[in-house]
Amino acid sequence: SEDANAILFYGSKEEVEGVWPDMYDEIKDGNYHGFAMSPSENSVLVSTRIWISNPAEALLKHELGHALGFGHSDKCEDEGSFLCSQISTENDFLEVEKDIIRFMYSSRIAAGLTEAEMETILADIILNED
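Rules and cut-offs
Residues numbered from 1 in each chain as written. Predicted model: local features only at pLDDT ≥ 70, side-chain atom pairs only at ≥ 80, totals over all residues. Heavy atoms only, no water. Helix = DSSP H or I, 4+ residues; strand = E, 2+ residues; numbered from the N terminus. Buried < 20%, exposed > 50% of the residue type's maximum accessible area, 1.4 Å probe, protein only. Contact = heavy atoms within 4.5 Å. Salt bridge = Lys/Arg side-chain N within 4 Å of Asp/Glu carboxyl O. Pairing = 2+ DSSP bridges. Core = buried A, V, L, I, M, F, W, Y, C linked by side-chain atoms within 4.5 Å.

Caption draft 1: Here's a closer look at the side chain of serine 81. Along the polypeptide, serine 81 turns up in the loop between helix 3 (57–67) and helix 4 (95–104). With relative accessibility at 0%, the residue serine 81 sits in the buried group. Beyond its immediate chain neighbours, meaning those up to four positions away, serine 81 contacts Ser73, Lys75, Asn91, Asp92, Leu94 and Glu97.

Here it is as structure tokens:
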């Protein structure tokens, strides 16, 4: 665990204070049940800390999405994205979200690519994948 670049903490909001005081400062006054902090260097995510207060699969998926660098979704009312700000056990990964995660975390996408280089690689992946 000392070498991990991702750590998950399961416990109450109050317990977060003793584990990650900086995260507690962010969540203490809000109505949070989970939170992810993912520092980056030069726009490259280098580590993540995720806190969840209950074992709901939807909550873990939601915070994991944030840890991967994604914000809240607007595909909520009719589509039920896992990244909706109002978390529901009915929400799950949309097919388009699975594609986006697969594309962005492809082994062909390396840190430090220019926008043009990324466009070329993503176009190749999308057009030529099996």
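The discussion continues.
Caption draft 2: Fine view of the pattern of salt bridges. Scanning the entire structure with this criterion turns up nine salt bridges. Ionic pairing is found between arginine 49 and aspartate 22, a salt bridge with its closest N-O pair at 2.7 Å. With arginine 49 in strand 5 (residues 48–52) and aspartate 22 in helix 2 (residues 21–27), this residue pair connects regions lying 27 residues apart in the sequence. Here aspartate 22 falls in the partly exposed class, since its relative accessible area comes to 38%. In this structure, glutamate 129 engages arginine 102 in a salt bridge whose closest nitrogen and oxygen atoms are separated by 2.7 Å. Pair noted here: glutamate 129 is in the segment after helix 5 (115–128) and arginine 102 is in helix 4, with a separation of 27 residues, a long-range link. Each of Glu57, Lys61 and Asp92 takes part in salt bridges that share partners, so that together they form one network.

Caption draft 3: Structural view of the pairing of strand 2 (residues 34–37). The side-chain alternation of strand 2 yields two buried faces, one formed by Gly34 and Ala36 and the other by Phe35 and Met37. Looking at chain direction, strand 2 and strand 5 are connected through four bridges and run antiparallel. Within the sheet, the bridge partner assigned to phenylalanine 35 lies in strand 5 and is tryptophan 51.

Caption draft 4: Structural view of the pairing of strand 5. Counting buried residues in strand 5 gives five out of five residues, a clear majority hidden from the surface. Judged from the five bridges that link them, strand 1 (residues 6–10) and strand 5 form a sheet pairing that is parallel. Looking at the pairing, isoleucine 7 lines up with arginine 49 of strand 5.

Caption draft 5: Representation of the nonpolar core. Core analysis: the biggest nonpolar cluster contains nine residues, these being Phe9, Val16, Trp20, Met23, Tyr24, Ile27, Phe35, Met37 and Trp51. Looking at this core, the elements with two or more residues in it are helix 2 and strand 2. Top contributing element to this core by residue count: helix 2, with three residues. With residues up to four places along the chain from it excluded, the contact list for tryptophan 20 reads Ile7, Leu8, Phe9, Arg49, Ile50 and Trp51.

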